[in-house]
Every structure is written in C-alpha cells, then in structure tokens.
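Remarks on the overall topology
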Amino acid sequence: MGLRQKIIDSDFYRQMVQRRATGPLRAYYDIPAADPDTPVRDVEFVALDLETTGLDPKQDEIVSIGLVIIRRLEVDFSSCQHLLVRPKKELSESSVIVHRIFDTDVEQAPDIEIALAHILPILAGRVLVAHHAPIELGFLGHACKRYFGASLQMPTVDTLVLALRDLHRQGQPMKSGALKLETLRHTHNLPPYRIHNALSDAIAASGLFLAQIAKRDPKGELELRRVLR
C-alpha cells in the first residue's frame, strides 16, 4: 500500500472528511467504521459492484449498482439489491455493448444522488468487498463529494489484492488474465456467472472472497486488518 493510500485509509482522513460531509453521507460517518482487530467472522461486509459508462469517475457515470451483504461469513441472498441509475447523458453505444443497459431501461430510474441516499445507510459500519475496488471507490467517492460535500472513506477488501498476495506468497508467476474475477472463481472451483451485471458481479465477488478466506482461515479467526487492501 502506498503512502497516499495509507493516508486515505487513516482515522485522521476519516475525521477530516466527516466534518465536511452533509446529508446521508454525514449520517454514514456517524456510524463508526469496523474495528480492524475484529475477527472476520464477526464483521459484516457488503459486496458491491458498479456498471458505468466508462472508467473515469470525473467524466463517466454510474448506470447500475449491485450489492449483497455477507454476515458470519455467509452470503445473505435476501439482502441482494440491483439499482438502475439514470445518467445525465445519453448512453454511448460502446458502453451499452458492455453492460447491456439501454436508455429506455434507465429513463425512469433514480439519479445518482437518490441512489447514494439509498445505499449509504447499507454501507455504514460495514466493510466493502469488491474486485478491483479502486473503480467502485473512485465512482462512489466522486459522486459523494459532488452531492454531499466529502469523499467516501470505507474499509475495503479487494479480492484482486488478496489474489495478488496469494500469488506472491506462493512464489508463483502471474499469467495473463490470472487476476480476472472469472478466472479466480474458476481457480477456486466456483461456478461461472454472468459478467457485466452489477448484481451478479457483486455476488461473484462475495463468493470469491469467502473462498479466499476459507483457504487461509476456515474458522474466520483472522483479524480484519489482515485482509484489508
């Protein structure tokens, strides 16, 4: 982890952005973050994925959000949510090809400000699970800053980072495509899934995370800090 990332993940940074936060983001920060010394079996996680119109949070927009909660190291499928989000611009052909969400699908959907107000209470006090988390944190953080005055700081488990640590620990060379979500799920004997759907991607990341934890610590006694990005 680089110095910049350490600062962003620090308690000092959280206190600083908390003072600037307004509305539902302020309420999010009023709930303390998970204690990093807590065993992972006692931590609640939210696996989350976004579909977007591109990869730049400053120029592109969120068009769907999928999430599912993990409790006691089990996926709570009753908590699954898939939200379509109405972007400000018309969807480009190139982005529709990827996520298969059309303008007609989102014309009645809530905008990102309303969507954030819905998901922030779900994220509060929990730990984010995502595959290549900078995408989710970047888009959510940019949107929070725009509408609620401050960025989003959230303790995060990145399943891609956990996989990379495994490779380094085992001294294995990294093959092309080895860190893709679908490849890692196959490596852990998990079934295929529909890619580029926010909810199925979130569920896929939750399954991979639980497989990674089971491989390292089947009893879930590992401290949270050891799996954070």
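Residues numbered from 1 in each chain as written. Predicted model: local features only at pLDDT ≥ 70, side-chain atom pairs only at ≥ 80, totals over all residues. Heavy atoms only, no water.

Counting its secondary structure elements, the protein chain contains ten helices and five strands. On C-alpha atoms alone, the protein chain measures out to a radius of gyration of 17 Å, which is about the 17 Å that the 2.2 N^0.38 rule sets for 229 residues. Over its C-alpha atoms, taken along the principal directions, the protein chain stretches across nearly 45 × 40 × 35 Å. In the protein chain, buried positions account for 48% of the 229 residues. By sequence separation, contacts in the protein chain at least 24 residues apart represent 68% of the contacts at least 6 residues apart. As displayed, the protein chain offers around 11,900 Å² of accessible surface, 54% of which is attributable to carbon and sulfur atoms. Computed over 29 positive and 29 negative side-chain charges, the separation of the two mean positions in the protein chain equals 6 Å. (Helix = DSSP H or I, 4+ residues; strand = E, 2+ residues; numbered from the N terminus. Rg over C-alpha atoms; globule rule 2.2 N^0.38 Å. Buried < 20%, exposed > 50% of the residue type's maximum accessible area, 1.4 Å probe, protein only. Contact = heavy atoms within 4.5 Å. Areas by Shrake-Rupley, 256 points an atom, 1.4 Å probe, with all protein chains shown as cover. Lys, Arg positive; Asp, Glu negative; His and termini not counted. Charge placed at Lys NZ, Arg CZ, Asp CG, Glu CD.)

Attention shifts here to unusual backbone geometry. Positioned with a positive phi, Arg-100 is a non-glycine residue whose angle comes to about 60 degrees. Locating Arg-100 in the fold gives a position in the loop between α4 (93-99) and α5 (103-106). Positive phi is not limited to glycine here, since His-196 has a value of about 60 degrees. Here His-196 is to be found in the loop between α9 (181-187) and α10 (198-216). For His-196, a relative accessible area of 33% puts it in the partly exposed group.

Attention now moves to the packing of aromatic side chains. Each aromatic ring pair is summarised here by two numbers: the centre-to-centre distance and the angle between the ring planes. For the structure on display, the rule yields two aromatic pairs. Ring geometry for Tyr-28 versus Tyr-29: centroids 5.0 Å apart, planes at 80 degrees, classification edge-to-face. As far as burial versus exposure is concerned, Tyr-28 and Tyr-29 are alike and both buried. (Phe/Tyr/Trp six-rings, centres within 6.5 Å; stacked < 30°, edge-to-face > 60°.)

Moving on, we come to α10. Spanning 19 residues, α10 covers 27 Å between terminal C-alpha atoms, matching the ideal 27 Å at 1.5 Å per step. Across the 19 residues of α10, 15 count as buried, placing the element largely inside the fold. The backbone nitrogen of Leu-199 lies 3.1 Å from a side-chain oxygen of the residue at the head of α10, namely Asn-197. (Expected span 1.5 Å × (residues − 1). Polar contact = N/O pair within 3.5 Å; in protein donor to acceptor, adjacent residues only side chain to side chain.)

A word on a negative patch on the surface. Together, Glu-90, Asp-103, Asp-105 and Glu-107 make up a negatively charged patch on the protein surface. Mapped onto the fold, Glu-90 is located in the loop between β3 (74-84) and α4. Under the relative-accessibility criterion, Glu-90 is labelled exposed at 72%. (Patch = residues over 30% accessible without salt bridge, like charges linked within 9 Å, V, L, I, M, F, W, Y side chains within 5 Å. Salt bridge = Lys/Arg side-chain N within 4 Å of Asp/Glu carboxyl O.)

The next thing to look at is the UniProt feature "domain: Exonuclease" (unreviewed entry) in the protein chain. The feature "domain: Exonuclease" (unreviewed entry), as annotated in UniProt, sits at residues 44-218 in this numbering. Summarising residues 44-218: 43% helix, 21% strand, and an end-to-end C-alpha distance of 17 Å. (UniProt positions renumbered as here; feature names shortened; annotations may be inferred.)

A few words now on the pairing of strand β1 (residues 45-52). The buried fraction of β1 amounts to eight of the eight residues, a majority that puts the element mostly inside the structure. The alternating pattern of β1 places Phe-45, Ala-47, Asp-49 and Glu-51 on one face and Val-46, Leu-48, Leu-50 and Thr-52 on the opposite face, and all of these are buried. Relative to strand β2 (residues 62-71), β1 is paired through eight bridges, and the arrangement is antiparallel. Each residue of the ladder has a partner; that of Thr-52, found in β2, is Ile-62. In this structure, β1 lies alongside strand β4 (residues 127-130), joined through three bridges in parallel fashion. Across the sheet, residue Phe-45 finds its bridge partner in β4, namely Val-127. (Pairing = 2+ DSSP bridges.)

Pairs can form between side chains of opposite charge once their charged atoms are near each other. Using the criterion set out here, one finds ten salt bridges in the structure. Between Asp-42 and Arg-41 there is a salt bridge, with the nearest N and O atoms lying 4.0 Å from each other. By relative accessible area, which is 28% here, Arg-41 ends up partly exposed. Between Arg-71 and Glu-44 there is a salt bridge, with its nearest N and O atoms 3.2 Å apart. Remark: Glu-44 occurs in the loop between α3 (23-30) and β1 and Arg-71 occurs in strand β2; sequence separation between them is 27 residues. What makes Glu-44 partly exposed here is its relative accessible area of 29%. Salt bridges sharing common partners tie together Glu-44, Arg-71, Asp-76 and Arg-126.

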